[in-house]
Amino acid sequence: MAAFIDSKQGMSRMYTYDTLQEIANYLLARTELRPKVGIICGSGLGTLADQLTDVDSFDYETIPHFPVSTVAGHVGRLVFGYLAGVPVMCMQGRFHHYEGYPLAKCSMPVRVMHLIGCTHLIATNAAGGANPKYRVGDIMLIKDHINLMGFAGNNPLQGPNDERFGPRFFGMANTYDPKLIQTAKVIARQIGIENELREGVYTCLGGPNFETVAEVKMLAMLGVDAIGMSTVHEIITARHCGMTCLAFSLITNMCTMSYEEEEEHCHDSIVGVGKNREKTLGDFVSRIVKHIHYETKK
């Protein structure tokens, strides 16, 4: 049985299937919504959850066995509500490895989404652009990722496997659903942001520091277009559960690629870019959610 350490309140608990089902049951007993789409809001993108209507919200600290988010710009709550008339479940703030949480704990809420009944995951993040063709404010659809943390043996699925979540070994080709990527491109044209839409490869680093010039140059040589500190382990967990995934990065800064270049990016500026794009991103995600809803009803 899959088991993950939970040290909340100084106690040693295990994230077994039963523990995660307990979390799901706690939430299901307190909301009438039964969403099929789960959304993870990245840094500066938490306002997506503010656009939900008829909400039931739960602060992380009130949910049994749940960790808390310690990052500025992450509100720290689960929100159930309607987005464009479609019931969704939204993480308004996520958990990061650099906060001291193991990857299994960072991605644990994805398994809760699965147990609640979500079949689709939309993961968003703020990322630095390593592709010199990108601009701040661009939206990069993630077509693939490079799991550098996994290369070092750090994977959210480490340890005994529970077949009730998914198989021990599984493929990662087409992890980011090609049909949803094409749908997102069509929607981008419909709302007039096709010139700001990119498609590229994402990688997650441990953080919390930004990358050195040498690191960015190496990653760019490997084919990385955007760099962040989240998402990859969440997507791996979602695919293990059989969820259909779409993810995108808001390019909030350009990575420093020269020693002569002044490094200006900081967390406040990242959050600011997200705020400036909140209306566009809200429309973008709402239309994607509506498409998923009607496609899965066919």
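As the structure is a computational prediction, the values presented were derived from the model and not from experiment.

K.L.:
I keep staring at the overall build of the protein and nothing clicks. Help me out?
P.N.:
Secondary structure assignment for the protein yields 10 helices and 11 strands. Taking 298 residues into account, the globule formula puts the C-alpha radius of gyration at 19 Å, and the protein, at 18 Å, falls close to it. Each principal axis of the C-alpha distribution contributes one length, and for the protein these read about 55 × 40 × 35 Å. The burial tally for the protein puts 54% of its 298 residues in the buried class. Across the protein, contacts joining residues at least 24 apart in sequence account for 80% of those joining residues at least 6 apart. Element-wise, carbon and sulfur atoms account for 51% of the exposed surface of the protein, whose accessible area totals about 12800 Å². Separation of charge centres in the protein, based on 27 positive and 31 negative side chains, amounts to 7 Å.

K.L.:
Would you mind going over helix α10 (residues 278–296) with me for this structure?
P.N.:
Note that an α-helix has 3.6 residues per turn; residues three or four places apart therefore point the same way. With 19 residues, α10 extends 27 Å between its outermost C-alpha atoms, agreeing within 8% with the 27 Å of an ideal straight helix rising 1.5 Å per residue. For α10, the complete set of buried residues consists of L281, G282, F284, V285, S286, I288, V289 and I292.

K.L.:
What am I meant to see in the UniProt feature "binding site: a purine D-ribonucleoside" (unreviewed entry) in the protein here?
P.N.:
Those residues carrying the UniProt feature "binding site: a purine D-ribonucleoside" (unreviewed entry) are E211 and N253 in this numbering. Spatial clustering of the annotated residues is evident: they stretch over 43 residues in sequence, but the largest pairwise C-alpha distance comes to 12.1 Å. If you trace the backbone, E211 turns up in the loop between β9 (197–204) and α7 (213–221). What E211 contacts, discounting residues up to four positions off in sequence, is L205, V216, I227, C255 and E263. For N253, a relative accessible area of 6% gives the class buried.

K.L.:
Before we go on, may I ask you to explain the pairing of β9 in this structure?
P.N.:
Two faces belong to every sheet, and in a regular strand the side chains alternate between them. Where burial is concerned, most of β9 is hidden: 6 out of the 8 residues are buried. Pairing geometry for strand β8 (residues 139–146) and β9, over 7 bridges, is parallel. From the neighbouring strand, I146 faces β9, where its bridge partner is T203. When β9 meets strand β10 (residues 226–228), the two strands line up parallel, connected through 3 bridges. Along β10, the bridge assignment pairs C204 with G228. Each parallel crossover has a hand, and the one from β9 via α7 to β10 is right-handed.

K.L.:
So what exactly am I meant to see when it comes to the pairing of β8 here?
P.N.:
Buried residues dominate β8, accounting for 6 of its 8 residues. As paired strands, β8 and strand β11 (residues 244–254) are joined by 3 bridges and run antiparallel to one another. In the sheet register, I139 faces β11, and the bridge partner there is L250.

K.L.:
Quick question: what am I supposed to make of the UniProt feature "binding site: phosphate" (unreviewed entry) in the protein here?
P.N.:
In this numbering, the UniProt entry assigns the feature "binding site: phosphate" (unreviewed entry) to S43, H74, R94, F95, H96, A126 and S230. Residue position: A126 is located in strand β7 (residues 120–129). Here A126 falls in the buried class, since its relative accessible area comes to 18%. Contact partners of A126, with chain neighbours within four places excluded, come to S43, L45, G228, L250, T252 and I270.

K.L.:
Whenever I open this one, unusual backbone geometry confuses me. Can you help?
P.N.:
Phi is mostly negative for residues that are not glycine, and the peptide bonds are mostly trans. Following G207, the chain continues into P208 via a peptide bond in cis, with omega recorded as 5°. A positive phi is found at A84, a non-glycine position, where the angle reads about 55°. Tracing the chain through its elements places A84 in the loop between β5 (77–83) and β6 (86–92). Of note in this structure, T231 is not a glycine but carries a positive phi near 75°. Relative to the elements of secondary structure, T231 occurs in the loop between β10 and α8 (232–240). Residue T231 is classed as buried on the basis of its relative accessible area, which comes to 0%.

Cut-off values and rules
- Residues numbered from 1 in each chain as written.
- Predicted model: local features only at pLDDT ≥ 70, side-chain atom pairs only at ≥ 80, totals over all residues.
- Heavy atoms only, no water.
- Helix = DSSP H or I, 4+ residues; strand = E, 2+ residues; numbered from the N terminus.
- Rg over C-alpha atoms; globule rule 2.2 N^0.38 Å.
- Buried < 20%, exposed > 50% of the residue type's maximum accessible area, 1.4 Å probe, protein only.
- Contact = heavy atoms within 4.5 Å.
- Areas by Shrake-Rupley, 256 points an atom, 1.4 Å probe, with all protein chains shown as cover.
- Lys, Arg positive; Asp, Glu negative; His and termini not counted.
- Charge placed at Lys NZ, Arg CZ, Asp CG, Glu CD.
- Expected span 1.5 Å × (residues − 1).
- UniProt positions renumbered as here; feature names shortened; annotations may be inferred.
- Pairing = 2+ DSSP bridges.
- Right-handed = clockwise from strand over helix to strand, strands pointing away.

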